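# Coordinates in review
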Number of protein chains: 4
Amino acid sequence: MHMSQVSVAIAGASGYAGGEVARLLLGHPGVTIGALTGASNAGESFGRLQPHLVPLADRVLEPTTLEVLSGHDVVFLGLPHGQSAEIAKALPDSTVVIDCGADFRLTDAAVWEKFYGSPHAGSWPYGLPELPGQREALAGATRIAVPGCYPTISSLTIAPALGAGLVTPDVTVVAASGTSGAGKAAKTNLLGSEVMGNVSAYGVGGVHRHTPEIAQNLRGVAGTDVVVSFTPLLVPMPRGILATVSAPLVDAGTTAAQAREAYAAAYADEQFVHLLPEGIWPQTQSVLGSNAVHLQVTVDEAAGRLVAVGVVDNLAKGTAGAAVQCMNIALGLPEATGLTTVGLAP
Amino acid sequence: MHMSQVSVAIAGASGYAGGEVARLLLGHPGVTIGALTGASNAGESFGRLQPHLVPLADRVLEPTTLEVLSGHDVVFLGLPHGQSAEIAKALPDSTVVIDCGADFRLTDAAVWEKFYGSPHAGSWPYGLPELPGQREALAGATRIAVPGCYPTISSLTIAPALGAGLVTPDVTVVAASGTSGAGKAAKTNLLGSEVMGNVSAYGVGGVHRHTPEIAQNLRGVAGTDVVVSFTPLLVPMPRGILATVSAPLVDAGTTAAQAREAYAAAYADEQFVHLLPEGIWPQTQSVLGSNAVHLQVTVDEAAGRLVAVGVVDNLAKGTAGAAVQCMNIALGLPEATGLTTVGLAP
Amino acid sequence: MHMSQVSVAIAGASGYAGGEVARLLLGHPGVTIGALTGASNAGESFGRLQPHLVPLADRVLEPTTLEVLSGHDVVFLGLPHGQSAEIAKALPDSTVVIDCGADFRLTDAAVWEKFYGSPHAGSWPYGLPELPGQREALAGATRIAVPGCYPTISSLTIAPALGAGLVTPDVTVVAASGTSGAGKAAKTNLLGSEVMGNVSAYGVGGVHRHTPEIAQNLRGVAGTDVVVSFTPLLVPMPRGILATVSAPLVDAGTTAAQAREAYAAAYADEQFVHLLPEGIWPQTQSVLGSNAVHLQVTVDEAAGRLVAVGVVDNLAKGTAGAAVQCMNIALGLPEATGLTTVGLAP
Amino acid sequence: MHMSQVSVAIAGASGYAGGEVARLLLGHPGVTIGALTGASNAGESFGRLQPHLVPLADRVLEPTTLEVLSGHDVVFLGLPHGQSAEIAKALPDSTVVIDCGADFRLTDAAVWEKFYGSPHAGSWPYGLPELPGQREALAGATRIAVPGCYPTISSLTIAPALGAGLVTPDVTVVAASGTSGAGKAAKTNLLGSEVMGNVSAYGVGGVHRHTPEIAQNLRGVAGTDVVVSFTPLLVPMPRGILATVSAPLVDAGTTAAQAREAYAAAYADEQFVHLLPEGIWPQTQSVLGSNAVHLQVTVDEAAGRLVAVGVVDNLAKGTAGAAVQCMNIALGLPEATGLTTVGLAP
């Protein structure tokens with residue numbers, strides 16, 4: 001690492017996204033972890049709040065204020081939706097602000113307002129460098145919007161097929177997520193007793209807030225509007241998303257081999273996207289804790305559809321890993337610094 | 001119960017399907033459980049093989065032979081695919097034989113051979129009485145083919161939309177199943193260490209054997225061939241399937257309320273199919289151990305699709321519950337005898 | 001059932017204990033379910049609160065008031081600790097009040113005050129009929145205290161050894177419980193993300209409130225004070241408790257066979273207590289949803305200890321099943337009415 | 001890293017222990033991973049066998065032969081019990097052989113034969129450097145026996161209390177383990193359907209093979225024979241062990257603070273043993289994938305016992321992490337190279 005250490009603050013460090021940023025940065029050789037902040041539990045011992053982060057056990061959670069966050073080179077925001085804009089505005093332009101929340105992801109103000117019901121704060125460079133054109137916008141950026149977890153995996157899973165013109169822009173996504181995607185706030189429907197031994201659907205019918213974000217990403221790839229039918233499922237595991245994405249073939253004669261070629265080509269230079277060996281289908285366990293995306297694709301001849309499946313760790317590459325990856329790009333560090341493609345299995 | 005007790009044998013009683021038939025029949029007031037048979041573990045104590053079935057703890061598993069099975073009024077077959085035909089042929093025509101396996105489900109011999117790679121044994125009355133015309137064929141039947149678990153929930157979840165002409169015959173199914181659907185044979189990929197904290201896809205691209213069975217059911221409802229894109233997922237729970245089924249709307253102006261009306265009408269007389277209150281989406285936990293199917297439906301206006309979600313306990317209504325329900329119909333007993341719509345939650 | 005239907009109200013019906021009472025009573029041929037009451041969610045549809053209880057889907061949760069509860073033959077209380085006494089006092093003496101809470105379990109006021117920090121409300125007949133002398137006190141009772149889930153299984157697992165004088169009164173209990181024992185109130189540490197893939201200890205060192213209840217039960221069996229070291233664990237499953245209980249042998253020469261004999265003798269007449277075949281150790285899955293207790297016992301010669309293991313469904317025989325069993329005894333109905341020894345596995 | 005790269009072979013690399021060694025070594029800056037070997041699946045693609053280890057996806061599993069293993073500086077053995085001795089004997093004395101199996105753990109031949117039923121192969125330096133005297137024996141060693149997972153956590157959890165003379169040598173251990181401890185061989189009782197939603201006891205009564213290993217460790221600490229009552233539980237999670245260990249106090253007046261002081265002192269210099277803040281009890285999630293051990297201890301005054309709880313990742317610090325730690329010590333590398341105290345939670 002040729003540069004001096006980068007000082008980093010994490011706002012929302014007692015939550016899942018913030019805790020995962022901290023976990024990853026503890027393994028990042030170029031970073032010094034500074035302030036860890038929170039809201040209602042400021043003043044509490046970090047060792048009690050995040051006992052898995054032993055090297056930070058003696059820290060105390062500080063309040064999320066401008067004063068506390070100032071003076072760091074990089075500030076990660078793991079805040080509830082709607083709270084990032086104010087803080088970001090107050091921080092100096094030279095501070096790299098990386099927002100794990102939704103506030104600055106959507107470019108279309110009307111779409112934002114329809115799905116989030118609040119005024120649009122604007123849009124920042126979008127932290128999914130594996131999509132065409134996005135990496136360039138992240139280099140040197142000082143404001144970055146980290147993608148949503150569902151949009152990350154849904155977009156990467158079908159982008160090559162759209163990009164290569166293999167399918168029509170009419171995409172069906174069913175994505176099964178672990179529970180950490182819903183955050184750490186106590187809610188009855190997220191209790192262990194409710195989610196174990198249980199799969200449920202929610203946000204069905206196009207109403208989930210990640211739907212327009214997926215459509216925005218795919219429009220960028222396809223060069224045309226893409227219809228997205230998105231259904232999220234909650235499954236009994238803490239981490240991981242598996243997205244099943246399909247779309248009608250443009251040419252009924254397209255083969256599975258041709259589909260695989262398109263995927264291999266699209267991600268040939270991407271170190272975090274791994275097209276599995278033929279016949280091996282993705283499983284979330286393989287990417288736990290890692291920044292990897294695993295993909296597989298085939299063609300259903302009888303149904304005339306291309307079917308692709310992708311997995312991601314919603315907290316890692318789906319949130320905090322992407323955030324660290326984007327920090328690396330923004331600062332000109334090697335993109336994989338502090339990140340791994342090795343998952344924790346079984 | 002005005003009739004005398006029905007004597008029942010269960011072949012394959014040490015497996016999941018056979019064990020669930022036994023569990024249900026222990027609560028059936030009109031049945032006397034006779035022989036419990038198995039293959040490699042014949043001679044073992046049933047109390048060791050199925051310790052949850054306390055009233056049968058002193059039984060011993062007998063071999064699956066014609067001699068042992070003969071002399072019962074009803075014989076349930078929970079055997080590996082391909083083993084039912086021979087036994088069924090040898091049993092008297094008057095014995096009610098209810099096959100939980102696949103051998104007699106498909107009517108089209110060519111389709112059978114394509115997906116199962118063996119000669120077609122024929123087809124029997126199909127044990128999904130909630131589909132149009134099926135209940136009539138089951139009354140008095142002495143040979144019954146119990147549907148596959150995925151076909152049961154996939155078909156019931158979209159049938160009303162097809163039946164009412166709300167959608168085009170181009171159906172996308174993604175169904176998340178608990179592990180018991182894969183049976184009790186020891187396989188590395190089904191180890192607890194492999195499936196816990198993990199979601200995986202398998203049989204992607206139209207190759208799963210339940211695909212043609214779904215298509216056969218839906219053709220019967222739609223009156224035309226139905227294209228089915230079917231993707232099964234394995235999720236970390238022992239029981240339950242949640243199917244997300246969608247299809248393009250015929251009329252873009254169809255409302256969610258109209259869709260709900262079609263579903264309410266289609267199942268108005270079905271005691272085991274429960275359309276959930278508006279806004280409540282199905283979860284598998286609600287149907288554990290029960291014979292109920294829970295459904296919900298809406299319309300995704302932006303995507304122009306109807307989206308329906310259904311849940312079933314794959315071992316209960318998805319297999320053994322359907323088997324008992326069919327026995328009741330065949331014998332002229334009240335259809336719900338020994339069955340419940342009450343699930344075990346949490 | 002020769003008697004007319006018994007009318008029953010359930011206070012706290014939106015919680016886990018109350019919901020389980022409702023689930024069991026739906027299968028009880030002698031009961032009509034009357035008022036279902038709650039606190040903060042009174043007025044809500046029961047079909048949304050407890051979607052697994054389909055036959056009650058059209059009910060509305062009523063407020064927990066004397067007016068609503070009055071007029072039923074039996075009232076089940078599934079209320080937070082400390083709320084039962086006032087309601088119980090206001091209900092007529094002739095109403096059978098069955099309290100699933102802790103208020104009336106302990107006989108020693110000083111012990112109550114030490115562990116619960118509030119004035120002692122008194123004690124009622126204790127609803128664990130399998131303990132010596134308890135069943136007699138329940139016949140005809142109109143006030144019954146249902147045992148805690150840990151005390152039920154801990155006491156039944158070691159009682160025969162103490163009763164037969166095989167062990168010294170110095171008992172070590174480590175009991176692993178599913179999460180539903182902690183109730184349905186939303187707490188961060190009970191979120192699915194926190195409990196899945198995780199085992200934790202809590203209430204270590206004799207401070208858990210169930211400790212004195214276990215000691216009280218065992219004193220009744222042993223005829224002397226019994227030292228109880230109790231450690232509860234939270235394990236990633238919704239239901240079930242497995243208790244490992246050991247104590248020093250009085251006679252180092254005691255054999256496993258002698259221990260088994262003592263257990264077989266102690267529970268020879270108990271239809272819900274099942275001593276497993278030799279060499280088979282209990283698993284919680286076998287008792288899910290059932291009123292059964294499964295036990296096994298052996299001797300560790302090298303350590304000089306008797307070691308017994310027991311399992312129970314904490315919500316069923318551990319709470320609501322015991323409540324229904326006690327109602328049956330109190331009313332003179334067959335004790336097993338509406339209950340089963342058959343578990344839901346896998 | 002001052003030394004040149006160390007070349008390493010892993011025998012049994014398709015199993016859980018071997019896979020975890022590979023996972024950790026991928027993050028070890030001083031190691032080059034050489035041969036990956038297996039038995040029945042030699043010749044298969046490693047990318048299919050261990051899809052989470054992306055950087056090794058293009059490798060092929062080689063057969064476990066002397067020829068393949070020779071020529072590496074270090075050989076890790078993740079073989080079934082009884083297969084290590086022959087290979088170890090054939091490898092050059094200068095090769096560092098680190099055995100994750102049991103063959104060389106026990107020093108007493110009679111005890112080995114009683115519990116394993118085969119001739120004793122001998123004993124090697126024991127890879128639990130946190131126990132008194134063990135680290136010294138590992139420096140420069142070329143044969144190392146990695147401890148069993150249960151012995152690791154059971155021993156570390158109670159050692160300080162025995163070492164400080166706080167408790168009598170009469171220890172009760174109940175340890176709840178995830179399923180990966182049972183290995184990757186396909187067995188019916190380890191199927192996901194059998195273990196999810198389920199806790200079971202096994203090897204009860206002093207018959208588990210890890211019992212004498214715990215006793216051997218504790219004898220070394222206490223300076224006298226220690227009676228060990230050990231009960232293992234299988235709980236529904238892939239990884240992690242939580243051990244609850246208690247013993248009678250020597251002095252009834254010993255306080256929890258005194259117990260904590262003894263633990264703090266015993267592990268003051270150990271970077272992988274973390275005594276949690278007062279009042280925080282261990283949970284396995286906090287150590288997933290890490291080499292950390294989390295401990296807490298208290299005193300149960302009423303029961304006159306010290307109660308300690310410890311957690312470990314059975315595959316990491318419980319097996320493969322210890323193996324890597326021992327390699328580091330043997331080679332004179334910094335002990336924590338390639339290891340972390342940061343767990344993967346939630």
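On a predicted model such as this, the values are computed, not experimentally measured, just so you know. (Residues numbered from 1 in each chain as written. Chains lettered and ligands numbered in written order. Predicted model: local features only at pLDDT ≥ 70, side-chain atom pairs only at ≥ 80, totals over all residues. Heavy atoms only, no water.)

### Brief notes about the overall build of chain A
- What chain A contains, in helices and strands, is 11 helices and 13 strands.
- Taken over the C-alpha trace, chain A has a radius of gyration of 20 Å; the compact-globule value for 346 residues is 20 Å, and the two agree within 12%.
- When the 346 residues of chain A are sorted by exposure, 64% land in the buried category.
- Across chain A, contacts joining residues at least 24 apart in sequence account for 70% of those joining residues at least 6 apart.
- Total accessible area on chain A is roughly 10800 Å²; 51% of this is exposed by carbon and sulfur atoms.
- Counting 16 positive and 27 negative side-chain charges, chain A places the averaged centre of each group 6 Å from the other. (Helix = DSSP H or I, 4+ residues; strand = E, 2+ residues; numbered from the N terminus. Rg over C-alpha atoms; globule rule 2.2 N^0.38 Å. Buried < 20%, exposed > 50% of the residue type's maximum accessible area, 1.4 Å probe, protein only. Contact = heavy atoms within 4.5 Å. Areas by Shrake-Rupley, 256 points an atom, 1.4 Å probe, with all protein chains shown as cover. Lys, Arg positive; Asp, Glu negative; His and termini not counted. Charge placed at Lys NZ, Arg CZ, Asp CG, Glu CD.)

### Structural notes on the sheet that holds strand 3 (residues 62–63) of chain D
Residue and element names in this part refer to chain D.
- Read across the open sheet, the six strands follow the order 3-2-1-4-5-6; overall the sheet is parallel. Only two strands of the sheet have a single partner each, and these edge strands are strand 3 and strand 6 (143–145).
- Set on the sheet, helix 1 (residues 16–25) makes contact with strand 1 (6–11), strand 2 (31–38) and strand 4 (74–77); between it and strand 1 the angle comes to about 160°. (Pairing = 2+ DSSP bridges. Axes fitted to C-alpha atoms, helices over the stretch in contact; angles between N-to-C directions.)

### As for the interface of chain A and chain C
- At the interface, 19 residues of chain A touch 19 residues of chain C.
- Scanning the region where chain A abuts chain C turns up zero salt bridges.
- Applying the counting criterion to the chain A and chain C interface returns eight residue pairs in polar contact (both at pLDDT 80 or more).
- When residues of the side of chain A that touches chain C are assigned to their parent elements, the largest contribution, four residues, is made by helix 8 (residues 192–195) of chain A.
- Looking at side-chain class alone, the side of chain A that touches chain C contains 10 nonpolar, six polar and three charged residues. (Salt bridge = Lys/Arg side-chain N within 4 Å of Asp/Glu carboxyl O. Polar contact = N/O pair within 3.5 Å; in protein donor to acceptor, adjacent residues only side chain to side chain. Nonpolar A, V, L, I, M, F, W, Y, C, P; charged D, E, K, R; others polar.)

### Quick notes on helix 11 (residues 316–331) of chain A
Residues and elements named next belong to chain A.
- Relative to the 22 Å expected for 16 residues at 1.5 Å per residue, helix 11 spans just 20 Å between its end C-alpha atoms, considerably shorter than the ideal helical length.
- In the structure, helix 11 departs most strongly from a straight axis at Ala 322, where the bend amounts to approximately 45°.
- When you tally the buried positions in helix 11, you get 15 out of 16 residues, the bulk of the element. (Expected span 1.5 Å × (residues − 1). Bend = angle between axes of the 7 residues up to and from the residue.)

### Quick word on the interface of chain D and chain C
- The interface of chain D with chain C comprises 42 residues on the first partner and 41 residues on the second.
- The contact between chain D and chain C buries some 3200 Å² in all, and 60% of this surface belongs to carbon and sulfur atoms.
- When the buried area of chain D at its contact with chain C is split by residue, Val199(D), Val204(D) and Gln285(D) rank highest and sum to 15% of it.
- For the pair chain D and chain C, the interface holds zero salt bridges. (Buried area = accessible area lost by both parts, 1.4 Å probe.)

### Comments concerning the relation of the copies chain D and chain C
- Between chain D and chain C, which share one sequence, the superposing operator has a rotation angle of 180° and an axial displacement of 0.0 Å; the RMSD is 0.0 Å. On this basis, the relationship between the two copies can be described by a two-fold rotation axis. The rotation axis passes nearest to the C-alpha of Pro236(D) in chain D, at a distance of 3.1 Å.
- Most of the interface of chain D is mirrored in chain C: 98% of its interface residues are interface residues there too. (Least-squares fit on C-alpha atoms with pLDDT ≥ 70 in both.)

### A word on the domain arrangement of chain A
Residues and elements named next belong to chain A.
- For chain A, the assigned domains are domain 1 (6–147 + 317–331) and domain 2 (150–314).
- One C-alpha centre belongs to domain 1, the other to domain 2; they are set 24 Å apart.
- Every contact between the two is made by 29 residues of domain 1 and, on the other side, 31 residues of domain 2.
- Of the roughly 2300 Å² buried between domain 1 and domain 2, counting both surfaces, carbon and sulfur atoms make up 53%.
- Taken as a group, Tyr 16, Phe 115 and Lys 317 account for 28% of the area that domain 1 buries against domain 2, more than any other trio of residues on that side.
- Remark: the boundary between domain 1 and domain 2 carries three salt bridges. (Domains from an automatic or database assignment.)

### Regarding the state of the cysteines
- A complete count under the given rule lists zero disulfides over all chains for this structure.
- The thiol sulfur of Cys100(A) is not disulfide-bonded, and the nearest other cysteine sulfur, from Cys326(A), lies at 9.4 Å. (Disulfide = S-S within 2.5 Å.)

### Overview of the relation of the copies chain A and chain C
- In the superposition of chain A on chain C (RMSD 0.0 Å, axial shift 0.0 Å), the rotation amounts to 180°.
- Here 100% of the interface residues in chain A have copies in chain C that are interface residues too; the copies meet face to matching face.

### Description of the sheet that holds strand 5 (residues 96–99) of chain C
All names here are of chain C.
- Pairing is parallel across the open sheet formed by six strands, whose spatial order is 3-2-1-4-5-6. The sheet is open, and its two edges are formed by strand 3 (62–63) and strand 6 (143–145), each paired on a single side.
- Contacts from helix 1 (residues 16–25) reach strand 1 (6–11), strand 2 (31–38) and strand 4 (74–77), with the element oriented near 160° to strand 1.
- Packing of helix 11 (residues 316–331) onto the sheet brings it into contact with strand 1, strand 2, strand 4, strand 5 and strand 6, and relative to strand 4 it is tilted by some 155°.

### Here's the deal with unusual backbone geometry
- Residue Pro346(B) follows Ala345(B) across a cis peptide bond; omega there is 0°.
- Within the secondary structure, Pro346(B) sits in the segment after helix 11 (316–331).

### Section: the pattern of salt bridges
All names here are of chain B.
- The final tally for this structure, using the stated rule, is 32 salt bridges over all chains.
- Residue Arg 135 is joined to Glu 335 by a salt bridge in which the shortest nitrogen-to-oxygen separation is 2.9 Å. Taken as a pair, Arg 135 in helix 6 (residues 134–138) and Glu 335 in the segment after helix 11 lie far apart in primary sequence, 200 residues in all.
- Assessed through its relative accessible area of 25%, Arg 135 is described here as partly exposed.

### What about the side chain of Ser180(D)?
- For Ser180(D), the position within the fold is in the loop between strand 7 (170–177) and helix 8 (192–195).
- Using a relative accessible area of 3% as the deciding quantity, one classes Ser180(D) as buried.
- Those residues in contact with Ser180(D) that lie beyond four places of it in its chain are Pro346(A), Ser193(B), Tyr16(D), Pro238(D), Arg239(D), Asn314(D) and Leu315(D).

### Regarding the UniProt feature "active site" (unreviewed entry) in chain A
All names here are of chain A.
- The sites that carry the UniProt feature "active site" (unreviewed entry) are, in the present numbering, Cys 149.
- Here Cys 149 is to be found in helix 7 (residues 149–163).
- Residue classification places Cys 149 among the buried residues on the basis of a relative accessible area of 10%.
- In contact with Cys 149, other than residues within four places in its own chain, are His 210, Ile 241, Asn 314 and Gly 318. (UniProt positions renumbered as here; feature names shortened; annotations may be inferred.)

### Details of the packing of helix 7 (residues 149–163) of chain C against helix 10 (residues 256–266) of chain C
Residues and elements named next belong to chain C.
- Running from N to C, helix 7 and helix 10 cross one another at 110°; their axes reach a closest spacing of 9 Å. As judged from the angle between their axes, helix 7 and helix 10 are roughly perpendicular. Counting all contacts with helix 7, which are made through Thr 157, Ile 158, Pro 160 and Ala 161, the residues of helix 10 involved are Ala 262, Tyr 263 and Ala 266.
- Residues that form the contact of helix 7 with helix 10 fall into these classes: six nonpolar, one polar and no charged. (Parallel < 35°, antiparallel > 145°, perpendicular 65-115°, else oblique.)

### Considerations on the packing of aromatic side chains
All names here are of chain A.
- A complete count under the given rule lists 12 aromatic pairs over all chains for this structure.
- Between the aromatic rings of Trp 112 and Tyr 116, the centroid separation amounts to 3.9 Å while the plane-to-plane angle is 10°, which identifies the pairing as stacked. One end of the pair is Trp 112 and the other is Tyr 116, both in helix 5 (residues 109–116) and four residues apart, which spans about a single turn.
- Over the aromatic face of Trp 124 sits the side chain of Arg 143, whose NZ or CZ is 6.0 Å from the ring centroid. (Phe/Tyr/Trp six-rings, centres within 6.5 Å; stacked < 30°, edge-to-face > 60°. Lys NZ or Arg CZ within 6 Å of the ring centre and 35° of its normal.)

### With respect to the pairing of strand 7 of chain D
Residues and elements named next belong to chain D.
- Extensive coverage of strand 7 is indicated by the burial of seven of its eight residues.
- In this sheet, strand 9 (residues 227–234) lies alongside strand 7 in parallel orientation, the contact comprising eight bridges. Bridged to Val 171 within strand 9 is Val 228.

### Quick word on the confidence of the model for chain A
- The predicted model of chain A has a mean per-residue pLDDT of 97, with 99% of residues at 70 or higher.
- Note on the complex model: pTM 0.98, ipTM 0.97. (pLDDT = per-residue confidence, 0-100.)

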